[in-house]
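The lines below spell out each chain.
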Amino acid sequence: EDDVQSSRPVGPIWRKPQVAAMSVQGGYTNDWEEVKFSKKPQGSTTNRAAVNAAMRTGGKVDTVKKYGGGGNTAKRAGPSNAAKLENETEELSHVRVSSDLKRNIIQARTAKKMTQAQLAQAINEKPQVINEYESGKAIPNQQIISKMERALGAKLRGKK
């Protein structure tokens, strides 16, 4: 039997024909066809005039509608709830530490003669956390406030 690999040329890619030719003895032949690759399929066109001419003559025309093709309307359109968002007037903000809590933390810490860093170390938090609570920038966390109450030995929330 012939070695198929040795009959292939080195340059272009070769393939067997789609319908194999039968020999007299019933075996297949080693006929190869050249396969060419290109970016654009041969025979296809995007020319509108050529497509219309093919349609008039009754030729086979395949068209594919692309989603959002032919424009940037999707980029110009805003969100579907844009009017609702535009008319929104509610001011959204987080709850901050109250002035009473700030004052109570500072008074209890100075009564114990502790610095912010010492208090932070006592409750296993960063000094920045204590600073944020005393300046009123922190969002209140009941666990941290409870740890400060235990470390300072004073009730910081509500009545003393």
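Here, every reference points to the structure presented above.
Given the structure is predicted, the values throughout are model-derived calculations rather than measurements.

In this section: unusual backbone geometry. Although it is not a glycine, Lys-113 sits at a positive phi angle of roughly 55 degrees. Among the structural elements, Lys-113 can be located in the loop between helix H4 (99–111) and helix H5 (116–122). On the basis of relative accessible area, Lys-113 is assigned to the exposed category, the value being 73%. In this model, Asn-124 sits at a positive phi of 60 degrees, which is unusual for a non-glycine residue. Here Asn-124 lies in the loop between H5 and helix H6 (127–135). Residue Asn-124 is classed as exposed on the basis of its relative accessible area of 69%.

Within the largest apolar cluster, 17 residues are counted, with the highest numbers of intra-cluster contacts made by Leu-119, Tyr-133, Met-148 and Leu-156. Among the secondary structure elements, those contributing two or more residues to this core are H4, H5, H6 and helix H7 (142–152). Broken down by element, the residue count for this core peaks at 4 residues, all from H7. Leave out the neighbours within four places in its chain, and Leu-119 touches Arg-109, Met-114, Ile-130, Met-148, Ala-151 and Leu-152.

As enumerated under the stated definition, the model contains 4 salt bridges in all. Its salt-bridge partner being Arg-109, residue Glu-134 comes within 2.5 Å of it at the nearest N-O pair. Highlighted residues: Glu-134 in helix H6 and Arg-109 in helix H4, separated in sequence by 25 residues. Neither Glu-134 nor Arg-109 differs from the other in exposure class; each is buried. Among the salt bridges present, the one from Lys-147 reaches Glu-125, with a minimum N-O distance of 3.0 Å. Pair noted here: Lys-147 is in helix H7 and Glu-125 is in the loop between H5 and H6, with a separation of 22 residues, a long-range link. Residue classification places Glu-125 among the partly exposed residues on the basis of a relative accessible area of 24%.

Attention now goes to H6. Within H6 the residues assigned to the buried category are Val-129, Ile-130, Tyr-133 and Glu-134. Take H6 and look down its axis: the buried residues cluster within an arc of 130 degrees, on one side only. Here the buried face of H6 lies against H4, H5 and H7. Backbone geometry just downstream of H6 places Gly-136 in the positive-phi region, at approximately 85 degrees.

Each value, and the rule that gives it
- Residues numbered from 1 in each chain as written.
- Predicted model: local features only at pLDDT ≥ 70, side-chain atom pairs only at ≥ 80, totals over all residues.
- Heavy atoms only, no water.
- Helix = DSSP H or I, 4+ residues; strand = E, 2+ residues; numbered from the N terminus.
- Buried < 20%, exposed > 50% of the residue type's maximum accessible area, 1.4 Å probe, protein only.
- Core = buried A, V, L, I, M, F, W, Y, C linked by side-chain atoms within 4.5 Å.
- Contact = heavy atoms within 4.5 Å.
- Salt bridge = Lys/Arg side-chain N within 4 Å of Asp/Glu carboxyl O.
- Arc of directions from axis to C-beta.

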